[in-house]
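In case you want the letters, here they are:
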Amino acid sequence: MIPATLIHYIETEIIPRYKHFDKAHNLAHVRTVVEESLTLAKEYNVNESMAYTIAAYHDTGLCRDRATHHLISGEILKQDKMLCQWFSKEEIETMKEAVEDHRASTDHEPRSIYGKIVAEADRVIDPVITLRRTVQYGLKQKPEAEKEWHYQRFRQHLMEKYAPGGYLKLWFPKSKNAEKLKELQKIIADEAQLRSIFQQLLAEEKE
């Protein structure tokens, strides 16, 4: 059971921070990561309070920087003295490492099952959501760019991250994500379909 006092603190002080982040890292995103983390924590019989806390803090570093947000998020968690009410120093260190390890492009395997859980939960792979978020990110980065520039960036990112051999790593082969990734890979492999979906999403986002 997660202590009610911990839930109250995180729901009032930590989760609301996501209101200020971009569409791909908003309140809906953190809620999804929390929910999926708790599902995996139950399935693998690990500390639910830790999994919940890690999920809540995992993107808080976006307040400062995107490129190193995973490291900043880990530091924000570690420096939060309020967490000493519910966790030992060792647990806080494990949670900090898990937050640092959640990023898809990280060059090492997460150091604990908690890192694997938040990494997996953060990769909520739903083909439509993933494709839309990729379009949204491009528009945020370079709203004035031509449509073709956006398409090429969109396709290159999808190939590098989600295509077979891409840098995305899933740690639980029977997870929902494994099936969804196969669906997404079929779309990426069909360029005509991919371009058609891109054009539709771009038009919707520009409305």
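These figures come from a predicted structure and were not determined experimentally. (Residues numbered from 1 in each chain as written. Predicted model: local features only at pLDDT ≥ 70, side-chain atom pairs only at ≥ 80, totals over all residues. Heavy atoms only, no water.)

Side note on the overall build of the protein
Now for step 1: In terms of regular secondary structure, the protein is built from ten helices and zero strands.
Now for step 2: Along the protein, helices (α) and strands (β) appear in the sequence α-α-α-α-α-α-α-α-α-α when read from the amino end.
Now for step 3: Expected size for 207 residues packed as a compact globule is a radius of gyration near 17 Å; at 18 Å, the protein falls within 12% of this value.
Now for step 4: Within the span of the protein, comprising 207 residues, buried residues form 48% of the whole.
Now for step 5: Taking the intrachain contacts of the protein between residues at least 6 apart in sequence as the baseline, contacts between residues at least 24 apart amount to 63%.
Now for step 6: A total accessible area of about 11000 Å² is found for the protein, and carbon and sulfur atoms account for 52% of it.
Now for step 7: Charged side chains of the protein number 31 positive and 33 negative; the gap between the two group centres comes to 2 Å. (Helix = DSSP H or I, 4+ residues; strand = E, 2+ residues; numbered from the N terminus. Rg over C-alpha atoms; globule rule 2.2 N^0.38 Å. Buried < 20%, exposed > 50% of the residue type's maximum accessible area, 1.4 Å probe, protein only. Contact = heavy atoms within 4.5 Å. Areas by Shrake-Rupley, 256 points an atom, 1.4 Å probe, with all protein chains shown as cover. Lys, Arg positive; Asp, Glu negative; His and termini not counted. Charge placed at Lys NZ, Arg CZ, Asp CG, Glu CD.)

A word on the nonpolar core
Now for step 1: Of all hydrophobic cores here, the largest spans 38 residues; its most connected members are L6, I10, Y57, L83 and F87.
Now for step 2: Those elements that place two or more of their residues in this core are α1 (4-14), α2 (27-43), α3 (48-57), α4 (69-79), α5 (89-100) and α6 (113-122).
Now for step 3: With residues near it in sequence (within four places) discarded, L83 still touches L6, T53, Y57, L77 and I92.
Now for step 4: Judged by nonpolar contacts, the second largest core, of 18 residues, contains V135, L168, L181 and I197. (Core = buried A, V, L, I, M, F, W, Y, C linked by side-chain atoms within 4.5 Å.)

Details of the pattern of salt bridges
Should their charged atoms come close, side chains of opposite charge can pair.
Now for step 1: Applying the stated rule across the entire model yields 14 salt bridges.
Now for step 2: Between K96 and E100 there is a salt bridge whose closest N-O contact spans 2.8 Å. Linking K96 with E100, this pair stays in helix α5, spanning four residues, or about one helical turn. Per residue, the accessibility class of K96 equals that of E100, and both read buried.
Now for step 3: In this structure, E109 and K116 form a salt bridge, with 2.8 Å as the shortest nitrogen-oxygen distance.
Now for step 4: Of the residues examined, E109 reaches a relative accessible area of 44% and is grouped as partly exposed. (Salt bridge = Lys/Arg side-chain N within 4 Å of Asp/Glu carboxyl O.)

Digging into the packing of aromatic side chains
Now for step 1: Considering all chains together, one arrives at six aromatic pairs under this definition.
Now for step 2: Between the aromatic rings of Y44 and F172, the centroid separation amounts to 4.8 Å while the plane-to-plane angle is 40 degrees, which identifies the pairing as tilted. Taken as a pair, Y44 in the loop between α2 and α3 and F172 in the loop between α8 (147-161) and α9 (176-189) lie far apart in primary sequence, 128 residues in all.
Now for step 3: Plain terms: the ring middles of F154 and F198 are 5.1 Å apart, the flat faces sit at 45 degrees to each other, and that makes the pair tilted. Taken together, the residues span a long stretch of sequence, with F154 in helix α8 and F198 in helix α10 (residues 191-206) at a distance of 44 residues. (Phe/Tyr/Trp six-rings, centres within 6.5 Å; stacked < 30°, edge-to-face > 60°.)

Here we look at α10
Now for step 1: Its 16 residues give α10 an end-to-end C-alpha distance of 22 Å, which sits within 8% of 22 Å, the value for a rise of 1.5 Å per residue.
Now for step 2: Taken together, the buried positions of α10 are occupied by L194, I197, F198, L201 and L202. The arc that holds the buried residues of α10, viewed along the axis, is 135 degrees, so those residues lie on one side.
Now for step 3: Buried positions along α10 lie against α7 (127-141), α8 and α9. (Expected span 1.5 Å × (residues − 1). Arc of directions from axis to C-beta.)

That's the geometry; what it means functionally is another story.
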